[in-house]
Structures are given as structure tokens and as C-alpha cells.
Amino acid sequence: MRYVLKNLGYTWDTISQGRNNVGRVWQHAETKKWHGMIGKTESTADTKVQAFDAVVSMHLGFESAAALNAHNSRVRSHNKALRAQTQRAVDEMLRGNFKVLDRLFGLN
């Protein structure tokens, strides 16, 4: 599920996952730094979005937001390749060539 930063009118912004509020991001009054917290995972950053990105990536087990973005990029490209392969198989079957199914199920 996706993590989303929502401003619901409180003095903090809520981190939501689906319908559930799982954390929050707030600005410290004295230091003016932004803090994010999900469960026991906490991070500090200069901006609200950076604090959100940092706490979500740490909560998911990544070193940084850049590592999470790199992982998501690899997953997206892999999924895109799988969708293209599936679409090619469907196109062949729509043309009447069902040998694709034999290859998919290893019936050769």
C-alpha cells in the first residue's frame, strides 16, 4: 500500500496508508526542524516532505529515500516488461496462435 501525507487541519500532518493513519509529521517549535514518526521509527529533516520521505523509507527498511526510489524504479521497469510480455502473448492468442500457451506452461 501507498503512504500519503495528508493535512487534516491539525498542528501536524498525518501519514496514511490506505484508510489507516500510521504516523505523523510535525515541526518542532524551538529548532524549526521537521520530525516524522511511524510507530517507533523517527526521522528529522529540514522540510516537511523530506521528513516524510525519510521516515517512510526508514520504516520500509531502506537506508534513504533515494534507495527507496531506486528500488521502486527497478520494480516498475520489471513490471512494465512483464506487462509487455503478457500483452504480446494475448495478441498472439487473439490471432489464433495458441502455441504461446504451450510455451508459458512448458508443454513443448
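Engineer: What am I meant to see in the layout of surface pockets here?
Structural biologist: Over the atoms, a rolled probe matching the size of one water molecule traces out where space is still vacant. The computed volume of the largest pocket comes to approximately 250 Å³. Forming the walls of the largest pocket are Met1, Arg2, Tyr3, Phe52, Asp53, Val56, Leu60, Ala65, Leu68, Asn69 and Asn72. Going through the elements one at a time, α1 (48-59) and α2 (65-94) are the ones with two or more residues in the lining of the largest pocket. Per element, the largest residue contribution to the lining of the largest pocket is 4 residues, and it comes from α2. When its residues are assigned to classes, the lining of the largest pocket shows 7 nonpolar, 2 polar and 2 charged. Taken as a whole, the second largest pocket encloses approximately 170 Å³ of empty space. Together, Gln85, Thr86, Arg88, Ala89, Glu92, Val100, Arg103 and Leu104 line the second largest pocket. Elements with a contribution of two residues or more to the lining of the second largest pocket: α2 and α3 (99-105). Broken down by element, the lining of the second largest pocket gets its largest block of residues, 5 residues, from α2. Each residue belonging to the lining of the second largest pocket can be placed in one class, and the counts come to 3 nonpolar, 2 polar and 3 charged.

Engineer: Sorry if this is basic, but what is going on with α1 here?
Structural biologist: Each α-helix turn comprises 3.6 residues. Residues three or four places apart therefore point the same way. With 12 residues, α1 extends 16 Å from end C-alpha to end C-alpha; this agrees with the ideal 16 Å at 1.5 Å per step. Every buried residue belonging to α1 is among Ala51, Phe52, Val55, Val56 and Ser57, and all of these are buried. The inward-facing, buried residues of α1 abut β1 (3-6), β2 (13-17), β3 (20-27), β4 (34-38), β5 (41-45) and α2. Just downstream of α1 lies glycine 61, where phi reads positive at about 95°.

Engineer: What is the right way to look at the sheet that holds β5 in this model?
Structural biologist: The strands making up a sheet are joined through hydrogen bonds of the backbone, oriented either antiparallel or parallel. Here we have 5 strands laid out as an open sheet, ordered β1-β2-β3-β4-β5, and antiparallel in their pairing. Whereas interior strands pair on both sides, the edge strands pair on one side only; in this sheet they are β1 and β5. The mean inter-strand angle of the sheet, taken between neighbouring strand axes irrespective of direction, is 20°. For β4 and β5, the ladder comprises 5 bridges, and the chain directions are antiparallel. Across the sheet, methionine 37 pairs through a bridge with glutamate 42, a residue of β5. Along the sheet, α1 contacts β1, β2, β3, β4 and β5; its crossing angle with β5, the most-contacted strand, is approximately 150°.

Engineer: Where do I start with the nonpolar core in this structure?
Structural biologist: When a protein is soluble and globular, its nonpolar side chains tend to lie buried together. Tyr3, Ile15, Val25, Trp34, Ile38, Ala45, Ala51, Phe52, Val55, Val56 and Leu68 form the largest nonpolar core, which has 11 residues in total. Counting residues per element, this core draws most heavily on α1, at 4 residues. Apart from the residues within four sequence positions on either side, leucine 68 is in contact with Val56, Ser57, Leu60 and Phe62.

Procedures and definitions
- Residues numbered from 1 in each chain as written.
- Predicted model: local features only at pLDDT ≥ 70, side-chain atom pairs only at ≥ 80, totals over all residues.
- Heavy atoms only, no water.
- 1 Å grid on protein atoms, 1.4 Å probe; cavity = no way out; pocket = protein on both sides within 12 Å on 5 of 7 lines; lining within 4 Å.
- Points joined across faces, edges and corners; volume = space filled by probe spheres on them.
- Helix = DSSP H or I, 4+ residues; strand = E, 2+ residues; numbered from the N terminus.
- Nonpolar A, V, L, I, M, F, W, Y, C, P; charged D, E, K, R; others polar.
- Expected span 1.5 Å × (residues − 1).
- Buried < 20%, exposed > 50% of the residue type's maximum accessible area, 1.4 Å probe, protein only.
- Contact = heavy atoms within 4.5 Å.
- Pairing = 2+ DSSP bridges.
- Axes fitted to C-alpha atoms, helices over the stretch in contact; angles between N-to-C directions.
- Core = buried A, V, L, I, M, F, W, Y, C linked by side-chain atoms within 4.5 Å.

Nothing here speaks to function; it is all geometry.
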